[in-house]
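Commentary on secondary and tertiary structure
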Amino acid sequence: MASTSAEIIAFVLTISGWVLVSSTLPTDYWKVSTIDGTVITTATFWANLWKTCVTDSTGVSNCKDFPSMLALDGYIQACRGLMISAVCLGFFGAVFGLFGMKCTKVGGSDQTKAKIACLAGLIFILSGLCSMTSCSLYANRITSEFFDPSFVAQKYELGAALFIGWAGASLCIIGGVIFCFSIAENSNAARRGYAYNGATSVMSSRTKVHNSVPDKSPPKHFDKNAYV
């Protein structure tokens, strides 16, 4: 029962993390910068993995898509690949997680389900690591440009999408670790069941041997007066 509850908690955590990671990919604010006037913010510059935009004080946004994938910076291409990999791995991890949970009717025996759940946990951990690496790589580029005194172009700060990505990656990793522990709990339960069955078989065999020994006690002879 405890293992089933742990698997349900792990599945909820991993699915929540996967949803957050998936929502991070199209989110606008990966990096943001503002130009403040005397009273209001005059312009807000922001960018993500697909485009860069500027929003004026009236709320009108002008965006420009990145012209060519081959002309992009290497870190943007790496972040794109890692985030897409994280989303795809999370999808397959969710499918394997459904088959590996004990509360579902598919997947085979408990031992087979435990192995499938462990595989799902490894996939979710890998998905979380991909997302964590992508967000960290992007954040490292922003901070290195921000604190570089020789960098004269527009400087940005960390956007909300990075924090969402870090949170989703953490949930995927935590849930994946819980899934991996399910195979250890199943192995311990199998050992306890084997020991119990072994003790039962030993007792039953002793009983059979005891019953198979013939009774060598001398026959009793009754006198005819005993029936009177």
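Anything mentioned here points back to the structure above.
The structure contained in this document is the topic of the report that follows.

Rules used throughout
Each chain has its residues counted from 1, following the order in which its sequence is written. Per-residue local features of the predicted model are confined to residues with pLDDT of at least 70, and side-chain atom pairs are confined, for both listing and counting, to 80 or more; whole-chain, interface and lining totals are unaffected and use all residues. Based on all heavy atoms of the structure, the side-chain values leave hydrogens and waters out of the count. We count a stretch as a helix when DSSP gives it H or I for four or more residues in a row; a strand needs E for two or more, and each element gets its number in order from the N terminus. Under the scheme applied here, a residue whose accessible area is under 20% of the maximum for its type counts as buried, over 50% as exposed, and between as partly exposed, the area being computed with a 1.4 Å probe on protein chains only. By definition in these notes, contact holds between two residues if any of their heavy atoms fall within 4.5 Å. Residue-level accessible areas treat just the shown protein chains as cover; the underlying method is Shrake-Rupley with a 1.4 Å probe. Working definition of a nonpolar core: buried Ala, Val, Leu, Ile, Met, Phe, Trp, Tyr and Cys residues. They are joined through side-chain atoms within 4.5 Å. We define a polar contact as two N or O atoms separated by no more than 3.5 Å, with the added condition that, inside protein, one atom must be a possible hydrogen donor and the other a possible acceptor, whereas residues neighbouring each other in sequence contribute only through side-chain atom pairs. Working convention: axes come from line fits to C-alpha atoms, limited for helices to the stretch in contact. Angles between N-to-C directions cover 0 to 180 degrees. Roughly parallel means an angle under 35 degrees; roughly antiparallel, over 145; roughly perpendicular, 65 to 115; everything else is oblique. Crossings are sorted by hand: turned counterclockwise from the far helix by less than a right angle, the near helix makes the crossing left-handed, and turned clockwise it makes it right-handed. Gly falls in the polar group here, along with every residue not listed as nonpolar (Ala, Val, Leu, Ile, Met, Phe, Trp, Tyr, Cys, Pro) or charged (Asp, Glu, Lys, Arg). Any two cysteine sulfur atoms lying within 2.5 Å of each other are counted as a disulfide. Two strands form a pair only when DSSP identifies at least two bridges running between them. Side-chain rings of Phe, Tyr and Trp, where Trp is taken by its six-membered ring, are said to pair if the distance between their centres is within 6.5 Å; with planes under 30 degrees apart they count as stacked, over 60 as edge-to-face, and otherwise as tilted.

Helix and strand counts for the chain stand at 4 helices and 5 strands. Going residue by residue from the N terminus, the α and β elements of the chain occur as α-β-β-β-β-α-α-β-α. The proportion of buried residues among the 228 residues of the chain is 30%. Taking the intrachain contacts of the chain between residues at least 6 apart in sequence as the baseline, contacts between residues at least 24 apart amount to 63%. As presented, the chain carries roughly 13,900 Å² of accessible surface, and 67% of it is formed by carbon and sulfur atoms.

Moving on, we get to the nonpolar core. Counting residues in hydrophobic clusters, the biggest one holds 19 residues, and the most contacted among them are Val21, Trp30, Leu49, Met83, Tyr138, Ile142 and Leu162. Every element with two or more residues in this core is listed here: helix H2 (74-100), helix H3 (110-146) and helix H4 (160-212). Per element, the largest residue contribution to this core is 6 residues, and it comes from H2. Contact partners of Met83, with chain neighbours within four places excluded, come to Val21, Thr24, Leu25, Trp30, Leu49, Ser131 and Ser134. The next biggest cluster of nonpolar side chains, apart from the first, holds 5 residues, and it includes Ala10, Met101, Ala117 and Phe179.

Here the focus is the side chain of Thr55. Tracing the backbone shows Thr55 in strand S3 (residues 51-56). A distance of 3.1 Å separates a polar atom in the side chain of Thr55 from a polar atom in the side chain of Trp46. With residues near it in sequence (within four places) discarded, Thr55 still touches Thr42, Ala43, Thr44, Trp46, Val60 and Ser61.

What follows is about the side chain of Lys113. Tracing the backbone shows Lys113 in helix H3. Look at Lys113 and you get buried, because its relative accessible area is 4%.

Remark: H2 packs on H3, axes separated minimally by 8 Å, with the N-to-C direction vectors making an angle of 160°. Regarding the angle of H2 to H3, the classification is roughly antiparallel. As for how H2 packs across H3, the hand of that crossing is left-handed. Partitioning the contact of H2 with H3 into residue classes produces 20 nonpolar, 9 polar and 2 charged.

On to the state of the cysteines, then. Per the stated rule, a full pass over the model turns up 1 disulfide. The disulfide bridge from Cys53 ends at Cys63, spanning 2.0 Å between sulfur atoms. Every disulfide takes its handedness from the sign of the S-S torsion; for Cys53 and Cys63 that torsion is 115°, giving right-handed. A residue pair is termed long-range when its members are at least 10 positions apart, and Cys53 in strand S3 and Cys63 in strand S4 (residues 61-65) qualify at 10 residues.

Relative to S4, S3 is paired through 5 bridges, and the arrangement is antiparallel. Residue pairing across strands places Cys53 opposite Cys63, the latter belonging to S4. In textbook terms, the turn of a hairpin is the stretch between consecutive antiparallel strands, and for S3 and S4 this stretch comprises 4 residues, one of which, Gly59, has a positive phi near 90°.

Turning our eyes to something else, we now look at the environment of Ser16. With respect to the helices and strands, the residue Ser16 is situated in helix H1 (residues 2-24). Taking the C-alpha atoms as reference, Ser16 lies 9.6 Å from Gly175; in sequence the two are 159 residues apart.

Applying the stated criterion to the full structure yields 7 aromatic pairs. On the basis of an interplanar angle of 45° and a centroid distance of 6.5 Å, the ring pair of Trp18 and Phe91 is categorised as tilted. Of this pair, Trp18 sits in helix H1 while Phe91 sits in helix H2, placing them 73 residues apart in sequence. Using a relative accessible area of 45% as the deciding quantity, one classes Phe91 as partly exposed. For the ring pair Trp30 and Tyr138, a centre distance of 5.1 Å and an interplane angle of 70° mean the geometry is edge-to-face. With Trp30 in the loop between H1 and strand S1 (31-36) and Tyr138 in helix H3, this residue pair connects regions lying 108 residues apart in the sequence.

Spatial relationships are all this shows, so hold off on functional conclusions.
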